[in-house]
Amino acid sequence: MPEGRAVSFLAFSALFLACILLGRAFDWWWLAPGDRPESRWVLALVAGWVALYAVSMVLSLCGIPWSWWSVGLPVLVLVALARRQRRLRRQETARPAVASTEVLSWQLGWGDTLAALALIAFAFFAARGEILFPDFVYHWGTKAQKFALVRGVDWQYLALRWLRELHHPEYPHLLPVLGAFTSLLAGFDARAIGLWSVVALIAIVLALRGALRGAGAAPFTVQVATAWAGAGLSLFGINYLLAGSADPFPALALAVAMPALLLPRAALGAAHDIQIGLAAALAASAK
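Residues numbered from 1 in each chain as written. Predicted model: local features only at pLDDT ≥ 70, side-chain atom pairs only at ≥ 80, totals over all residues. Heavy atoms only, no water.

1. Focus on unusual backbone geometry
Which entries qualify depends on this criterion: Numbering of helices and strands runs from the N terminus; a helix is a DSSP stretch of H or I covering at least four residues, while a strand is a stretch of E covering at least two. Categorising residues by exposure relies on relative accessible area from a 1.4 Å probe, with only protein chains included: less than 20% of the type maximum marks a residue as buried, more than 50% marks it as exposed, and the intermediate range marks it as partly exposed.
Here Q107, not a glycine, exhibits a phi torsion of approximately 50 degrees, which is positive. Its place among the elements puts Q107 in the loop between α5 (101-104) and α6 (110-127). Although it is not a glycine, L241 adopts a positive phi angle of roughly 55 degrees. Of note, L241 is situated in the loop between α12 (219-239) and α13 (248-262). Residue class for L241 comes out partly exposed when judged on its relative accessible area of 31%.

If you want it as structure tokens, here you go:
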């Protein structure tokens, strides 16, 4: 792998891990009884995306350029507040509930293997830049590159009348923001930025798997559904060139919210409300 491409993929991996860790800092807030580990990791990723997007938008609206300091300090403050609230919550609870080993187990099977192989194939072609979404070239990717150059959302650029039909300035900016931060770390590379769409599709499969297990579905049903979802989404993603597309993000929002939406009213709790809120925030910020 050429050195430049390796650095771009390393930057993507670092930002991906940072988003998950940021979301995990708030997991006490949105964890519900019976949530499986795959659901927890997907929710952490969504929460990290939403938090990073919110910080980036506030900075841009205030005219503060994105940098390690301007972005890192608010994020560290959020994490510190989350950890403090976690400690206070533990002190208020005499004996905090501990999830059972069965709940925390992934219980992997043959369906997971088939889904993983299909998603790896999709990620392989995306990393090679062979299935880049056409809209990425003149819309999502162009915005990401422009935002990285000016270190923020370029409102004047988006307001140009001759660009309205091309760049759709009224669209939310989650994917361009993720692409811009990836570019700030290692320079603009469409192949690395396109992997965010791959992550969203993988998260859909994990969210579906976690929802089925949380609902008490039989292991065979879980494996069949996981294999079907992984293979189907990979086939669709390769055939319709979804690397670098924002379309998987609203679909992920629906997958994240569906378990709470289908629960009986009496079974809903505050954590489920927050999960639905995270899903709504993801959909609103993505497209």
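From this point on, the discussion continues.
2. Some words on the environment of V79
Here is the rule: Throughout, a contact is declared for two residues whenever any of their heavy atoms are within 4.5 Å.
By the element assignment, V79 lies in helix α4 (residues 68-92). Taking C-alpha positions, V79 is 21 Å from L185, a pair spaced 106 residues apart along the chain. Contact partners of V79, with chain neighbours within four places excluded, come to L22 and A25.

3. Side note on a positive patch on the surface
We apply this condition: Candidates for patches are residues over 30% relative accessible area with no salt bridge; among them, like charges are joined within 9 Å and nonpolar side chains (Val, Leu, Ile, Met, Phe, Trp, Tyr) within 5 Å. Here the accessible surface of atoms and residues is derived via Shrake-Rupley with a 1.4 Å probe, and residues count as covered only by protein chains that are part of the display. In the sections that follow, a salt bridge refers to a side-chain nitrogen of Lys or Arg positioned within 4 Å of a carboxyl oxygen of Asp or Glu. Working convention for charge: Lys and Arg count positive, Asp and Glu count negative, and His plus the chain ends are omitted. Throughout, a charge is located at the NZ atom of Lys, the CZ atom of Arg, the CG atom of Asp or the CD atom of Glu.
Taken together, the side chains of R83, R84, R87 and R90 define a basic patch exposed on the protein surface. Considering the arrangement of structural elements, one finds R90 in helix α4.

4. Concerning helix α3 (residues 37-61)
Defined as follows: Multiplying one less than the number of residues by 1.5 Å gives the expected span of a helix.
Its 25 residues give α3 an end-to-end C-alpha distance of 36 Å, which sits within 8% of 36 Å, the value for a rise of 1.5 Å per residue. For α3, a buried count of 21 out of 25 residues is recorded, marking the element as mostly surrounded by other parts of the structure. Within two residues after α3, G63 carries a phi angle of roughly 75 degrees, on the positive side.

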